[in-house]
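# Descriptive structure summary
Below, each chain spelled out in residue letters.
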Amino acid sequence: DQQVKQNSPSLSVQEGRISILNCDYTNSMFDYFLWYKKYPAEGPTFLISISSIKDKNEDGRFTVFLNKSAKHLSLHIVPSQPGDSAVYFCAASGLQGAQKLVFGQGTRLTINP
Amino acid sequence: EPEVTQTPSHQVTQMGQEVILRCVPISNHLYFYWYRQILGQKVEFLVSFYNNEISEKSEIFDDQFSVERPDGSNFTLKIRSTKLEDSAMYFCATYRGNIQYFGAGTRLSVL
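Residues numbered from 1 in each chain as written. Chains lettered and ligands numbered in written order. Predicted model: local features only at pLDDT ≥ 70, side-chain atom pairs only at ≥ 80, totals over all residues. Heavy atoms only, no water.

### What about the environment of H76 of chain A?
Residue and element names in this part refer to chain A. Along the chain, H76 turns up in strand β8 (residues 72-77). With 35 residues separating them in the primary sequence, H76 and I111 have C-alpha atoms 13 Å apart. With sequence-adjacent residues up to four places away left out, H76 is seen in contact with I18, S19, I20, R61, F62, T63 and F65. (Helix = DSSP H or I, 4+ residues; strand = E, 2+ residues; numbered from the N terminus. Contact = heavy atoms within 4.5 Å.)

Quick look at the structure:
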């Protein structure tokens with residue numbers, strides 16, 4: 001039951017360039033979407049979120065775009081920095097984030113100097 | 001400062017033994033969650049706990065699992081009789097301002 005999918009297991013980007021991570025979902029009941037960053041043996045760290053009533057949310061170098069008709073969201077990181085290298089998880093929830101989070105499989109982002 | 005602190009950071013146990021994983025929030029929270037991540041797999045939901053009651057649980061959360069708030073601050077996950085396949089990272093999370101904040105996790109190794 002893959003309600004949230006991240007189809008790219010890994011992504012390699014040059015430092016200073018844009019990183020774009022993608023995520024697709026199938027459940028129309030999701031109304032809140034989040035991106036988490038995770039290092040090995042640590043808990044997911046919240047990055048940025050977006051409510052289903054919006055199509056874009058920006059926070060510094062991070063921007064999340066939501067396309068409800070396509071059931072697709074993406075995370076843009078500009079400019080990419082070596083410290084951004086980690087695994088990024090997309091997650092979706094109902095009740096404005098209070099319900100269980102359904103995670104994608106993750107994308108390992110590597111920023112090359 | 002993290003929203004939640006989890007102890008222990010690593011727990012090694014023999015198959016069939018009981019384990020208790022602990023989670024302590026930094027302030028009063030009403031919502032708690034447990035998730036786990038088996039090595040190489042995605043993070044999976046186990047159970048949510050609202051106002052001292054289970055509000056939702058997954059198929060993974062069978063009779064071997066239980067949750068409670070024994071003293072109003074700690075939030076615990078108990079596995080009664082551990083199996084090899086319970087080996088995973090277990091994460092506690094709390095909810096504030098539309099966001100679930102995760103602890104650093106407990107690595108459970110069942111031998």
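That was the structure; now back to the text.
### A look at unusual backbone geometry
Cis peptide bonds are those with omega within 30 degrees of zero, and the linkage from V78 of chain A to P79 of chain A qualifies with -10°. Mapped onto the elements of the fold, P79 of chain A is located in the loop between β8 and β9 (86-93). Put simply, T7 of chain B and P8 of chain B share a cis peptide bond, and its omega is -10°. Within the secondary structure layout, P8 of chain B lies in the loop between β1 (4-7) and β2 (10-13).

### Thoughts on the packing of aromatic side chains
All names here are of chain B. Summed over the entire model, instances satisfying the criterion amount to 21 aromatic pairs over all chains. With centroids separated by 5.0 Å and ring planes inclined at 40°, the aromatic side chains of F49 and F75 adopt a geometry described as tilted. With F49 in strand β5 (residues 43-50) and F75 in strand β8 (residues 75-79), this residue pair connects regions lying 26 residues apart in the sequence. Considered together, F49 and F75 belong to a single accessibility category, that of buried residues. (Phe/Tyr/Trp six-rings, centres within 6.5 Å; stacked < 30°, edge-to-face > 60°. Buried < 20%, exposed > 50% of the residue type's maximum accessible area, 1.4 Å probe, protein only.)

### Thoughts on the side chain of S52 of chain A
Residues and elements named next belong to chain A. Its place among the elements puts S52 in the loop between β5 (45-51) and β6 (56-59). Overall, the relative accessible area of 16% leaves S52 in the buried class. Discounting residues that sit within four places of it in the chain, S52 has contacts with F30, D31, F33, L66 and K68.

### Some remarks on the nonpolar core
Counting 24 residues, the largest nonpolar core has V4, F33, W35, L73, L75 and Y88 of chain A as the members making the most contacts within it. By size, the runner-up hydrophobic cluster in this structure holds 21 residues, among which are I38, V47, F61 and A88 of chain B. (Core = buried A, V, L, I, M, F, W, Y, C linked by side-chain atoms within 4.5 Å.)

### Some points on the pattern of salt bridges
Residues and elements named next belong to chain B. If you walk through the whole model with that rule in mind, you get six salt bridges over all chains. In this structure, the salt-bridge partner of R96 is E3, at a minimum N-O distance of 2.5 Å. A residue pair is termed long-range when its members are at least 10 positions apart, and R96 in strand β9 (residues 88-96) and E3 in the segment before β1 qualify at 93 residues. Since its relative accessible area comes to 41%, R96 is described here as partly exposed. Given the relative accessible area of 11%, E3 is considered buried. The salt bridge partner of E44 is R36, with a shortest N-O separation of 3.4 Å. Because the salt bridges share partners, they merge into one network encompassing R36, E44 and D86. (Salt bridge = Lys/Arg side-chain N within 4 Å of Asp/Glu carboxyl O.)

### Regarding the state of the cysteines
What the rule picks out here adds up to two disulfides over all chains. Covalently, C23 of chain A is tied to C90 of chain A through a disulfide, its sulfur atoms 2.0 Å apart. The chirality of the disulfide connecting C23 of chain A with C90 of chain A is left-handed, given an S-S dihedral of about -70°. Of this pair, C23 of chain A sits in strand β3 (residues 19-25) while C90 of chain A sits in strand β9; the two residues are 67 residues apart in sequence, bridging distant segments of the chain. Summarising the burial analysis for this pair, C23 of chain A and C90 of chain A share the class buried. Through a disulfide, C23 of chain B is tied to C92 of chain B; the S-S separation comes to 1.8 Å. Its S-S torsion of approximately -60° makes the covalent link between C23 of chain B and C92 of chain B left-handed. Here C92 of chain B lies in strand β9 and C23 of chain B lies in strand β3 (residues 19-25), a separation of 69 residues in the sequence. Residue classification places C23 of chain B among the buried residues on the basis of a relative accessible area of 0%. (Disulfide = S-S within 2.5 Å.)

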